[in-house]
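The chain contents come next:
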Amino acid sequence: MTKRMWAFVATAAVGLAFPAAGITKQHGGTLNMIAWEGYTQPQWVKPFTKKTGCTVHAKYGGSSDEMVTLMRSGGGGQYDMVSASGDASLRLIYGKDVQVVDPSKIPDFKNFGKAFQSPPNNTVGGKHYGISLQWGPNTLLYNTKKVTPAPTSWGAIYDPKYRGKVTVPDNPIQIADAALYLMKTQPSLGIKDPYELNKTQFDAAIALLKKQKPLIKKYWGLASDEIDLFKNGDAVIGASWPYQTNTLIAAKAPVKDVVPKEGATGWLDTWMVSSKSKNLDCAYKWLGWISTPKVQAQQAIYFGETPVNSKACAIMDTLSKGSCAQYHANAPLQYFKQIHFWKTPIADCGNGQKNCMDYTKWQQAWTQLKG
Amino acid sequence: MAAGLDTAEGLSREVGVRRRLGGALWRHPFLKGLAVLSPTVLAFTLVYVAALAALFVSAFWTVDAFTSQTIHHWTLDNFRQLRDSVTYRNVAVRTISIAGAVTLTDAIIAFPFAYFMARIATPRMRAALFVLVLLPLWASYIARIYSWKLILNSSGVLTWSLHKLGLPAPNVAYSNTATWVVFSYVWLPFMILPVYAALERIPHSYIEASRDLGARGFRTLRSVILPLALPGVVAGSIFTFSLTLGDYITPTLISGASGQFVGNVVADSALRGGNLPFAAAFAAVPVVVMGAYLLIARRLGAFDAL
Amino acid sequence: METRGTRIALGVWVALVLAFLYIPIAIICLYAFNSSNVQSWPIAGLSTKWFGPAIHNGDMQQALVLSLKAAGLATLTAVLLGSAAAFGVHRFKFFGREAISFLLVLPIALPGIITGMALNSYFVFWKINFGLWTVVIAHATFCVVVVYNNVIARLRRVPGSLTEASMDLGADGFQTFRYVTFPTISTALISGGLLAFALSFDEVIVTTFTVGASNTLPTWIFSEIQRGQELPQVNVVVFLIVLLTIIPVALAQRLTRESGILRTE
């Protein structure tokens, strides 16, 4: 009987010892951030931590919806910062989830291109709710061995030729991509802006996506999902970001990407700070760091996007020859105007009419499309 | 029984507080019952049940599409949307069908296994088998699902093995078949253990009596063993059914574009769509289904077999 | 009693089922030794080079510590609340007795996502910070029933005459508990506790909703699988988990095999 008693005591002691063990105390603060994949790579995070003592924990989001939800989760305040695209930033501002930041505290702010200092997606009423980060297009990714000839049109992802081998993002904003394709191929619909769609235009886009559904292998939720699909050969063509292309090429997969002739949707990202964050010191240090020309160049090359700091171009070419021109960092404005950046669809069509489909309808339609 | 305290014997010992308290509790079983039960019951009611109630209240609210803020305005909009849209009905039917298929599959796989364990294996073998069945449950649920992802994808073990045998690639990755296989795999131990427990409890005398009455092996199986094992099967099915209805990890990692399940519609709505009220409304579906299932299970005696 | 043919057939079935259960686990353990970081079959080569980075991974260590703490505290809570409830339900007949069993089994019977969402809203409403304690509360809800079932099953096998005999010999309520009742249920408590620890350590759905910005080990593994950048490390961690959990499970088995001071079987 005593032996069993001792066994019990021993087990209980071991069980209680675990709560007593603690993690080593951390110096500096910890920044919990929500980021796109590829935005917090060790090559620029490690030097940051070494320099400032602030540690970075990143949670990856696969879509703007997810980022808005994460920022608001747990009553807000679970995360300090978020790299929000244009279709998340205004939602966060109006939802009071992010706070005003002071650009004068960011030394490199004055080096930003004029269009990126106070863009409407992060500056409201003259107040800056974040610091612009980088921008780029959504691309058409394809397996060079299985998809010939090389595609030049978005029509390739709606083509039954690749049945069961197509992948597109699991994101309601993908409806805008369908609308963009219709904008160019069915001008009679009269779509002027892929995010401002009246009922007829919206239904046409959904009909196109419904026709596409049997071709889809999987709707990818995170960039790594798509990378897996291409690596395993489960998908050979799909809508993507340059990050996937760069990662797959680094892993010796036979892929290439292209911005098709119809143009592309894209993103324009801002680093925002939570209104409930307690780590403002580290947050501003991060904002300053991520805006320096060197880090802007590193991130631009790694992800495949365009930096907002005009001084980054020179450094990009030293890191990777020709990358400045490849990612349009030298002549941004012309290229910039061709991309239809993500923004949250609202009922106000911007031409006096208020019959456009708002984002709830986009979300509902997307869930119903997936079935 | 309480003689010890009031007699001379009891007085010869020190009547301390502890004895008095012990005595009082013995004489008033109601107090003892209250003291023993109230922490658990209170904890559950004030935390768990309250949380559940709050969740279902929120099913009657909505969120602002733009800011994702909850609007505390009573409305049946969420339920109306569920009723009007064919999609959600399809999702519910698909999930319940897969849950049923998984339960059936696991019951068929588990029964012979549990029979062997309960009635044929030697005690040492039985103990070993028990541990062997329990062990996969400890091997990280996420990892077991992930291993199937590695097995089923186009460059994985399955395709490679079939290729070696000269068979064509099954192309089963990211399909409902894959989802069914993975669910059946993950929940199998939950079905084996209750069925084993039920079979183990059947006294050998019953089998002998059945034989004495002239029944051969199969008849005994059908008329004596199966009915007595049924509560165990139903108990196991509670797990397989409920776990399948609510799971979103497997559909996220394993299934493809062929359709969503209740688990991932609810999880997507809550974790990605920022729409907890709608998630709560749709979550009412598995709750109602499980509620009905539990009532039937209780009738069939499953709770005694748990 | 069964024919020889049936026995052999069933034996083969058992072997096949065991293969079905273990081959995926074996495969994922094999991948822990995959020298390449490409997760395809056949494996490129064998190597232990991922073990070092995996064990020294700071995020993994933090997740592991949180998992152990949460599981330990949740198990403690479950043991206290579960055994107390088992005593109450076993000893006393009252109205609503079955309701308590039903109440305790709810967290396991209802899909985890519902428990997760419900507790999430609850914690947000009461402005409780997400972290260790929210996870402990969440895990305790479904761990209680595991201990409860084990203890009540054992109590049903213990004759009430033991308690009465103890009282007759002059022990008060507390002494009876300590010297008579507790030893008979101790192994049930331990095995229930170990099972509760396992459930808590491995849980991911409810945890996702209640852990906030931190990670327990399973949520860390899940997010790493989705990120796809450190898969070799994930494989190593999984392999180590499998290895390290054989011990408690075997221990729990040895403890429940003995039926205490009663050898009625």
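Given the structure is predicted, the values throughout are model-derived calculations rather than measurements. (Residues numbered from 1 in each chain as written. Chains lettered and ligands numbered in written order. Predicted model: local features only at pLDDT ≥ 70, side-chain atom pairs only at ≥ 80, totals over all residues. Heavy atoms only, no water.)

1. Brief notes about the overall build of chain B
Step number 1: Within chain B, the secondary structure is distributed over 16 helices and two strands.
Step number 2: Here the C-alpha atoms of chain B give a radius of gyration of 26 Å, more than 25% beyond the 19 Å that 2.2 N^0.38 yields for 306 residues.
Step number 3: Its C-alpha atoms give chain B principal-axis dimensions of roughly 85 × 65 × 35 Å.
Step number 4: Counting the 306 residues in chain B, one finds 54% classified as buried.
Step number 5: The contacts in chain B between residues at least 6 apart in sequence include a share of 69% that link residues at least 24 apart.
Step number 6: Looking at chain B as shown, the accessible area adds up to about 13600 Å², and 67% of this sits on carbon and sulfur atoms.
Step number 7: Where the 24 positive side-chain charges of chain B centre and where its 13 negative ones centre are 6 Å apart. (Helix = DSSP H or I, 4+ residues; strand = E, 2+ residues; numbered from the N terminus. Rg over C-alpha atoms; globule rule 2.2 N^0.38 Å. Buried < 20%, exposed > 50% of the residue type's maximum accessible area, 1.4 Å probe, protein only. Contact = heavy atoms within 4.5 Å. Areas by Shrake-Rupley, 256 points an atom, 1.4 Å probe, with all protein chains shown as cover. Lys, Arg positive; Asp, Glu negative; His and termini not counted. Charge placed at Lys NZ, Arg CZ, Asp CG, Glu CD.)

2. What about the pattern of salt bridges?
When the charged atoms of two side chains lie near each other, side chains of opposite charge can form a pair.
Step number 1: This structure, assessed with the given rule, holds 15 salt bridges over all chains.
Step number 2: The salt bridge partner of Lys-354 of chain A is Asp-348 of chain A, with a shortest N-O separation of 3.4 Å.
Step number 3: Look at Lys-354 of chain A and you get exposed, because its relative accessible area is 61%.
Step number 4: According to the relative accessible area criterion, Asp-348 of chain A is partly exposed, its value standing at 33%.
Step number 5: In this structure, Arg-272 of chain B and Asp-268 of chain B form a salt bridge, with 3.9 Å as the shortest nitrogen-oxygen distance. Linking Arg-272 of chain B with Asp-268 of chain B, this pair stays in helix α14 (residues 262-272), spanning four residues, or about one helical turn.
Step number 6: Counted as one network, the salt bridges with shared partners bring together Asp-170 and Lys-370 of chain A together with Asp-268 and Arg-272 of chain B. (Salt bridge = Lys/Arg side-chain N within 4 Å of Asp/Glu carboxyl O.)

3. Topic: the packing of aromatic side chains
Step number 1: Scanning the model with the defined rule gives 48 aromatic pairs over all chains in all.
Step number 2: An angle of 45° between the planes, with centres 5.2 Å apart, marks the rings of Phe-60 of chain B and Phe-79 of chain B as tilted. Note that Phe-60 of chain B is positioned in the loop between α4 (29-58) and β1 (62-63) and Phe-79 of chain B in helix α5 (residues 77-84), a separation of 19 residues in sequence.
Step number 3: Measuring from ring centre to ring centre gives 5.4 Å for Tyr-185 of chain B and Phe-20 of chain C, while their planes differ by 85°; the resulting arrangement is edge-to-face. Of the two residues, Tyr-185 of chain B is situated in helix α10 (residues 176-200) and Phe-20 of chain C in helix α1 (residues 4-31); the pairing between them involves two chains.
Step number 4: Grouped by ring-pair contacts, the aromatic residues Trp-36, Tyr-39, Trp-44, Trp-220, Trp-241, Tyr-243, Trp-267, Tyr-302, Phe-303 and Trp-342 of chain A constitute a single cluster.
Step number 5: A cation over a ring is seen here: Lys-105 of chain A above Tyr-284 of chain A, with NZ or CZ 4.7 Å from the ring centre.
Step number 6: It is Arg-227 of chain C that lies over the ring of Tyr-60 of chain A; its NZ or CZ is 4.1 Å from the centre. (Phe/Tyr/Trp six-rings, centres within 6.5 Å; stacked < 30°, edge-to-face > 60°. Lys NZ or Arg CZ within 6 Å of the ring centre and 35° of its normal.)

4. What to know about the interface of chain C and chain B
Note on interface size: it is often stated as the accessible area lost on association of the parts.
Step number 1: Across the contact, 84 residues belong to chain C and 88 residues belong to chain B.
Step number 2: Each partner contributes to the roughly 8100 Å² buried at the junction of chain C and chain B, and carbon and sulfur atoms together form 79% of this total.
Step number 3: Our count for the chain C to chain B interface comes out at zero salt bridges.
Step number 4: For the pair chain C and chain B, the number of links is eight residue pairs in polar contact (both at pLDDT 80 or more).
Step number 5: A per-element tally of the side of chain C that touches chain B places α1 of chain C first, with 15 residues.
Step number 6: Partitioning the side of chain C that touches chain B into residue classes produces 61 nonpolar, 15 polar and eight charged. (Buried area = accessible area lost by both parts, 1.4 Å probe. Polar contact = N/O pair within 3.5 Å; in protein donor to acceptor, adjacent residues only side chain to side chain. Nonpolar A, V, L, I, M, F, W, Y, C, P; charged D, E, K, R; others polar.)

5. Digging into the nonpolar core
Step number 1: Leu-199 and Ile-249 of chain B together with Ile-221 of chain C are the most contacted members of the largest nonpolar core, which totals 159 residues.
Step number 2: Sort the elements by how many residues they give to this core and helix α6 (residues 86-120) of chain B lands first, with 16 residues.
Step number 3: Those residues within four positions of Ile-249 of chain B in sequence are excluded, and the remaining contacts are Tyr-141, Ile-142 and Ile-145 of chain B together with Val-204, Ile-205 and Phe-222 of chain C.
Step number 4: Core analysis: the second largest hydrophobic core is formed by 106 residues, Leu-70, Tyr-79, Leu-141 and Tyr-158 of chain A among them. (Core = buried A, V, L, I, M, F, W, Y, C linked by side-chain atoms within 4.5 Å.)

6. A short note on the environment of Leu-165 of chain B
Step number 1: Assignment of secondary structure puts Leu-165 of chain B in the loop between α9 (157-164) and α10.
Step number 2: Separated by 114 residues in sequence, Leu-165 of chain B and Ala-279 of chain B have C-alpha atoms that sit 46 Å apart.

7. A few points about the side chain of Ser-121 of chain C
Step number 1: Mapping Ser-121 of chain C onto the fold places it in helix α5 (residues 112-125).
Step number 2: The contacts of Ser-121 of chain C, once residues within four sequence positions are left out, are Leu-55 and Leu-276 of chain B.

8. Quick look at the state of the cysteines
Residues and elements named next belong to chain A.
Step number 1: All told, the structure shown has three disulfides over all chains when counted by the stated rule.
Step number 2: Two residues, Cys-54 and Cys-282, share a disulfide whose sulfurs are 2.0 Å apart. Residues Cys-54 and Cys-282 share a disulfide whose torsion about the S-S bond is about -85°; that sign makes it left-handed. A residue pair is termed long-range when its members are at least 10 positions apart, and Cys-54 in the loop between α2 (42-52) and β2 (55-60) and Cys-282 in helix α10 (residues 280-290) qualify at 228 residues. In this structure, Cys-54 and Cys-282 share a single accessibility class: buried.
Step number 3: At a sulfur-sulfur separation of 1.8 Å, the disulfide partner of Cys-313 is Cys-324. Negative torsions about the S-S bond denote left-handed disulfides, and the value of about -110° found for Cys-313 with Cys-324 makes this one left-handed. With Cys-313 in helix α12 (residues 312-319) and Cys-324 in helix α13 (residues 323-326), the pair connects residues that are 11 residues apart, well separated along the chain.
Step number 4: The exposure class of Cys-324 is buried, given its relative accessible area of 1%. (Disulfide = S-S within 2.5 Å.)

9. Here we look at the pairing of strand β3 (residues 81-84) of chain A
Residues and elements named next belong to chain A.
Step number 1: Residues Met-81 and Ser-83 point to one face of β3 and Val-82 and Ala-84 to the other, with burial holding for every one of them.
Step number 2: Bridge count between strand β1 (residues 30-35) and β3: two bridges; the pairing is parallel. Within the sheet, the bridge partner assigned to Ile-34 lies in β3 and is Val-82.
Step number 3: Strand direction decides the pairing type here: β3 and strand β11 (residues 264-273), joined by four bridges, are antiparallel. Bridged to Ala-84 within β11 is Thr-270. (Pairing = 2+ DSSP bridges.)

10. Some details on the packing of α10 of chain B against α1 of chain C
Step number 1: Two numbers describe how α10 of chain B lies on α1 of chain C: the axes approach to 10 Å, and their chain directions differ by 135°. Compared by their axis directions, α10 of chain B and α1 of chain C come out oblique. Of the two possible hands of crossing, α10 of chain B and α1 of chain C adopt the one that is left-handed. Facing Tyr-185, Leu-188, Pro-189 and Ile-192 of chain B of α10 of chain B, the residues of α1 of chain C in contact are Val-17, Phe-20, Leu-21, Pro-24 and Ile-25 of chain C. (Axes fitted to C-alpha atoms, helices over the stretch in contact; angles between N-to-C directions. Parallel < 35°, antiparallel > 145°, perpendicular 65-115°, else oblique. Left-handed = near helix turned anticlockwise from the far one by under 90°.)

11. Thoughts on the side chain of Thr-245 of chain A
Residue and element names in this part refer to chain A.
Step number 1: Within the fold, Thr-245 resides in helix α9 (residues 242-250).
Step number 2: The class of Thr-245 is buried, set by a relative accessible area of 4%.
Step number 3: Beyond its immediate sequence surroundings of up to four residues, Thr-245 is in contact with Leu-141, Val-255, Lys-256 and Asp-257.

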